[in-house]
Amino acid sequence: MKKFKISYNSPVILTFVIVSLVAFLLNEFTDGWANTTLFSTYRSSFADPLTYVRMVLHVLGHSSWSHYCANMVMILIVGPLLEEKYGSVTLLEIMALTAVATALIHSAFFPGHAILGSSSVIFMFIMVSSFTENRKGTIPLTVLIAIFMYIGSEMLDGIIQQENVYQLSHITGGLVGSLFGWMIRR
């Protein structure tokens, strides 16, 4: 009889999911202090060192268990494929770039609001995955459909809804993913 073995097959993605769970639990145990102080991004002084910490760590914070689970399911579905294709270091770099870009754009356009969660990373994953395994000199139909469905719908939601804070983070993640996807195809 063969032994059943579990492998840590996607170190960046699995570590991200685990660290996000720790961040969620820490926030629960601190009655919201952790999200406010570490795992949300909002406009604050660049003289404050925590501003830079929050620019990266906000993708680990989640407002509820359902928010955490919804984000992690998508990350666990798409992330391991990207990590296998592009490598752990590259994936970690574009995740960090997405977090920082989202924080900067959010701070510029919504100075009075805080955001948290990894949806910008998810949208980046979706866009990067739509660029995989395509021939040079072509525009993949999957990219056009993904842009229309995800970024287009987020823009439309942002126009229709009064509160469009999160749509901008989704769009930012999608744009970073599109840029990275386009660059790796070249």
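Thresholds applied
- Residue positions are counted from 1 within each chain, in the order its sequence is given.
- Per-residue local features are limited, in this predicted model, to residues with pLDDT of at least 70; the limit for side-chain atom pairs, both in listing and counting, is 80 or more; totals at the level of whole chains, interfaces and linings are taken over all residues.
- Water and hydrogen atoms play no part in the side-chain values, which are based on all heavy atoms of the structure.
- Helical segments are the DSSP runs of H or I of at least four residues, strand segments are the runs of E of at least two, and each set is numbered from the N terminus.
- Three exposure classes are used, based on accessible area relative to the maximum for each residue type with a 1.4 Å probe and protein chains only: buried under 20%, partly exposed in between, and exposed over 50%.
- Every residue pair with non-hydrogen atoms within 4.5 Å of one another is taken to be in contact.
- Pairing of aromatic rings covers Phe, Tyr and Trp, the last through its six-membered ring, and needs centres within 6.5 Å; plane angles under 30 degrees mean stacked, over 60 mean edge-to-face, and all others mean tilted.
- Surface patches are drawn from residues lacking salt bridges whose relative accessible area is over 30%; two like charges belong together within 9 Å, two nonpolar side chains (Val, Leu, Ile, Met, Phe, Trp, Tyr) within 5 Å.
- Where accessible areas are quoted, they stem from the Shrake-Rupley method and a 1.4 Å probe; at the residue level, only the protein chains shown are allowed to cover.
- In the sections that follow, a salt bridge refers to a side-chain nitrogen of Lys or Arg positioned within 4 Å of a carboxyl oxygen of Asp or Glu.
- Expected span, for any helix, means 1.5 Å times one less than how many residues it has.
- Throughout, the arc means the angular range of directions from the helix axis out to the C-beta atoms.
- Buried residues of nine kinds, namely Ala, Val, Leu, Ile, Met, Phe, Trp, Tyr and Cys, make up a nonpolar core once their side-chain atoms join them within 4.5 Å.

## Brief notes about the overall build of the protein
The secondary structure content of the protein amounts to eight helices and zero strands. When the helices and strands of the protein are read in sequence order from the N terminus, they spell out α-α-α-α-α-α-α-α. Expressed as a percentage of the 186 residues in the protein, the buried residues total 44%. Counting only contacts in the protein whose residues sit at least 6 apart along the sequence, the fraction spanning at least 24 positions is 72%.

## Quick notes on the packing of aromatic side chains
Considering all chains together, one arrives at five aromatic pairs under this definition. With 6.0 Å between their ring centres and 35° between their planes, Phe46 and Tyr52 make a pair best called tilted. Owing to a relative accessible area of 51%, Phe46 belongs among the exposed residues under this scheme. A relative accessible area of 42% places Tyr52 in the partly exposed class.

## Regarding a nonpolar patch on the surface
A cluster of nonpolar side chains, namely Leu141, Leu144, Ile145, Phe148 and Met149, defines an oily patch on the protein surface of about 550 Å² accessible area. One can find Leu141 in helix H7 (residues 141-160). According to the relative accessible area criterion, Leu141 is exposed, its value standing at 57%.

## Describing unusual backbone geometry
Of note in this structure, Asp31 is not a glycine but carries a positive phi near 55°. With respect to the helices and strands, Asp31 occurs in the loop between helix H1 (11-29) and helix H2 (33-37). Take Asp31: its relative accessible area is 75%, and that puts it in the exposed class.

## Quick word on H1
Here H1 contains 19 residues, and its C-alpha end-to-end distance of 27 Å stays within 8% of the 27 Å for a straight helix at 1.5 Å per residue. Within H1, burial applies to Val12, Ile13, Phe16, Val17, Ser20, Ala23, Phe24 and Asn27. The arc that holds the buried residues of H1, viewed along the axis, is 135°, so those residues lie on one side. Tucked into the core, H1 has its buried residues touching H2, helix H4 (65-86), helix H5 (88-109) and helix H6 (119-130).

## Here we look at the side chain of Thr41
Examined against the element boundaries, Thr41 turns out to sit in the loop between H2 and helix H3 (49-57). When its relative accessible area of 3% is taken as the criterion, Thr41 is described as buried. The residues touching Thr41, leaving out its near neighbours within four places in the chain, are Arg54, Met55, His58, Ala103, His106, His113, Ala114 and Ile115.

## Details of the nonpolar core
Formed by 29 residues in total, the largest nonpolar core has its most connected members in Ile75, Leu91, Met95, Met124 and Phe125. Counting residues per element, the ones that place at least two in this core are H1, H4, H5, H6 and helix H8 (165-185). In contact with Ile75, not counting residues within four places along its chain, are Ile13, Phe16, Val17, Pro80, Ser118, Ile122 and Phe125.

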